[in-house]
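Residue strings, one per chain:
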Amino acid sequence: MNDLIQSVGEALRLLTSLDPDLLEIVGLSLRVSLSAVALAALIGLPLGAAIALFRFPGRQALVVLLNALMGLPPVVVGLVVYLMLSRSGPLGVLGLLFTPGAMIAAQVILVLPIVAALTRQAMEDLWSEYEEQLRSLGSTTARAIPTLLWDGRFTLLTGILAGFGRASAEVGAVMIVGGNIDHVTRVMTTAIALETSKGDLPLALGLGIVLLTLTILVNGTAELVRRWSKDWAG
Amino acid sequence: MSPQHPASPTARPATRDGAYEASILPLEMREVVYEVAGARLIDGLSLRIEQGPRTLILGPNGAGKSLLLRLAHGLIRPTRGEVLWRNRKITGAGRGPRRQAMVFQKPVLLRRSVQANLDHALALHRVDGDQRRARRDEALEATGLAGRARQAARSLSGGEQQRLALARAWALKPQVLFLDEPTSALDPASTRAVEEIVEALHGAGTKIVMTTHDLGQARRLADEVLFINRGRLVEQGPADRFFEQPQSREAQAYLSGELLW
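Residues numbered from 1 in each chain as written. Chains lettered and ligands numbered in written order. Predicted model: local features only at pLDDT ≥ 70, side-chain atom pairs only at ≥ 80, totals over all residues. Heavy atoms only, no water.

> Explain the sheet that holds strand β1 (residues 27–36) of chain B residue by residue, including any values.
What the 4 strands build is an open sheet, ordered β2-β1-β4-β5 (chain B); its pairing is antiparallel. Both outer strands of the open sheet, β2 (39–49) and β5 (88–89) of chain B, are each paired with one neighbouring strand and no more. (Pairing = 2+ DSSP bridges. Helix = DSSP H or I, 4+ residues; strand = E, 2+ residues; numbered from the N terminus.)

> An account of the interface of chain B and chain A is requested, with residue identities and associated values reported.
Contact residues are listed per partner, giving 22 residues for chain B and 19 residues for chain A. Summed over both sides, the interface of chain B with chain A buries roughly 2000 Å², with 54% coming from carbon and sulfur. When the buried surface of chain B facing chain A is broken down by residue, B:Arg111, B:Arg112 and B:Leu124 rank first, second and third, together holding 35% of it. For the salt bridge of A:Glu129 with B:Arg154, the shortest nitrogen-to-oxygen distance reads 2.7 Å. Our count for the contact surface shared by chain B and chain A stands at 11 residue pairs in polar contact (both at pLDDT 80 or more). With 4 residues, the top contributor of residues to the side of chain B that touches chain A is helix α2 (residues 114–124) of chain B. Tallied by class, the residues present in the side of chain B that touches chain A amount to 11 nonpolar, 4 polar and 7 charged. (Contact = heavy atoms within 4.5 Å. Buried area = accessible area lost by both parts, 1.4 Å probe. Salt bridge = Lys/Arg side-chain N within 4 Å of Asp/Glu carboxyl O. Polar contact = N/O pair within 3.5 Å; in protein donor to acceptor, adjacent residues only side chain to side chain. Nonpolar A, V, L, I, M, F, W, Y, C, P; charged D, E, K, R; others polar.)

> With reference to specific residues and values, describe the packing of helix α4 (residues 74–85) of chain A against helix α5 (residues 100–136) of chain A.
All names here are of chain A. One can describe the packing of α4 onto α5 by two numbers: an axis separation of 10 Å at closest approach and a directional angle of 130°. On the basis of their axis angle, the class for α4 and α5 is oblique. Relative to α5, the crossing made by α4 is right-handed. Residues Pro-74, Val-77, Val-81 and Leu-85 of α4 lie in contact with α5, whose contacting residues are Ala-102, Ala-106, Ile-109 and Leu-110. Residue composition of the contact of α4 with α5, by class: 8 nonpolar, no polar and no charged. (Axes fitted to C-alpha atoms, helices over the stretch in contact; angles between N-to-C directions. Parallel < 35°, antiparallel > 145°, perpendicular 65-115°, else oblique. Left-handed = near helix turned anticlockwise from the far one by under 90°.)

> Requested: an account of empty space enclosed by the protein, with residues and values cited.
For the structure shown, the criterion picks out 3 cavities of 30 Å³ or more. Lining the largest cavity, in full, are A:Ser29, A:Val32, A:Ser33, A:Gln107, A:Ala167, A:Ser168, A:Glu170, A:Val174, A:Val187, A:Met188, A:Thr189 and A:Leu211. The dominant element in the lining of the largest cavity, judged by the number of residues it contributes, is helix α2 (residues 20–53) of chain A, at 3 residues. What lines the second largest cavity is simply A:Gln133, A:Ser136, A:Leu137, B:Ala101, B:Met102, B:Val103, B:Ala165, B:Arg168, B:Ala169 and B:Leu172. (1 Å grid on protein atoms, 1.4 Å probe; cavity = no way out; pocket = protein on both sides within 12 Å on 5 of 7 lines; lining within 4 Å. Points joined across faces, edges and corners; volume = space filled by probe spheres on them.)

> Talk me through the nonpolar core; I want residue IDs and the actual numbers.
In globular proteins that are soluble, nonpolar side chains generally tend to be buried together. Residue and element names in this part refer to chain B. Of all hydrophobic cores here, the largest spans 48 residues; its most connected members are Leu-58, Leu-164, Leu-166, Leu-177, Leu-179, Phe-242 and Phe-243. Counting residues per element, this core draws most heavily on helix α4 (residues 158–171), at 7 residues. In this structure, Leu-179 is in contact with Leu-69, Val-103, Leu-166, Val-198, Ile-208, Val-209, Met-210 and Thr-211, ignoring residues within four places of it in sequence. Among the nonpolar cores identified, the runner-up in size contains 27 residues, and Ile-24, Val-32, Ile-49 and Phe-178 belong to it. (Core = buried A, V, L, I, M, F, W, Y, C linked by side-chain atoms within 4.5 Å. Buried < 20%, exposed > 50% of the residue type's maximum accessible area, 1.4 Å probe, protein only.)

> How would you sum up the environment of A:Pro74? Please name residues and give values.
Its location among the elements puts A:Pro74 in helix α4. Among all residues touching A:Pro74, those that are not within four sequence positions of it are A:Leu110, A:Arg166, A:Glu170, A:Gly172 and A:Ala173.

> Go over the confidence of the model for chain A with me, naming the residues and quoting the values.
Averaged over chain A, the pLDDT score is 92; the fraction of residues at 70 or greater is 99%. The spread of mean pLDDT over the elements of chain A runs between helix α1 (residues 2–16) of chain A, the lowest at 80, and α4(A), the highest at 97. (pLDDT = per-residue confidence, 0-100.)

This is how it looks when you write it as structure tokens:
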């Protein structure tokens, strides 16, 4: 019990003294996860909307697949990306393995199904409400996509946040493709795993507190935005 | 509020370069059948709607009034038969000529401001820049919503939302405006405001084709009446004649308040 109290005290000291190592790890974590979420949103939002609006053979199977992929095991994604980026792999020439770029790629694969699947559901609901009116105004299905994405923006924020939660909390994929190299690819989750195994609980705890605080802050802000938007836009 | 449309009462809508367009009317339906899951909802309906008089479509619930508007507007395709605009056939749902606009019973407004709703409609019609601002402001002024331009559209009252739907149609300067029971959920004051806007649009040369359940409204607005029942056109003619001397037994029963089935 004393060890725990001591560790928490030390963790708080690291946080309040703005320990450079800790800040570096937090900074890289944010850079990797935010980049991955941004890329996944760039692809996933229009992809989800297109699946919602267009009818094509195999659509239902694609919807089932997309929903299933939301639960992709991070270690499997890490392994596949590792094989792709390793020197003998098809993308080995890019030299991305054990770089933040590889970590971003792995997290994009993890986050993309979440963003696309939640976007598909939200857009389908909105389309059933808007379709007749938009067609009446002369909108094509393709032209309706940006309209629906904009009008569903506050709902879509939930999907993007779910993706950010997934990216910032996962450890398996970034550990495999990043290698947890100090000052290069060490992020909060891999550092927590390493420091815990080394018995350095204060740093692990400090990082844990930052991770938890970030998650609460991001979701709290999103909830405020959602409430405000509901009041304003209806 | 006294709507003033800038176009002269007899003018056809002008294109962006100021030239006057040829009318897309008459609208013709030839032996149109519309079926859903084997049920025949429109049953071999033929009609012709000309430029000019305000046409009101009357009939009991389930007669097919709303379907008729949707077929004419190209939102749904007939199972059989033809819908023609100035002898040109509509080939697919949503691909009809867009010199028409439609106002629905329950307006569907974007989750944006009042003026953004108009901007979106104008953008779809490729109206940009100063022209877009001018047409937006004119439509807001005409429908009494100028003071609410920056308000969220969905925070408006029911009557104001329907006026915004009319403003959206106004801004597009349609040749034909379909209205599907636009006042069925409104109080008398809002109904009057909507009727004034419809009158102003008619005065500016827009062909009005409207469905209603309200016989008082039909008497106020109609120049011509189409009476339909069970998906068939029963009677079409001048409003005065329809209300004073309905030709069919079904129309007589409808006007006297008997239940039709």
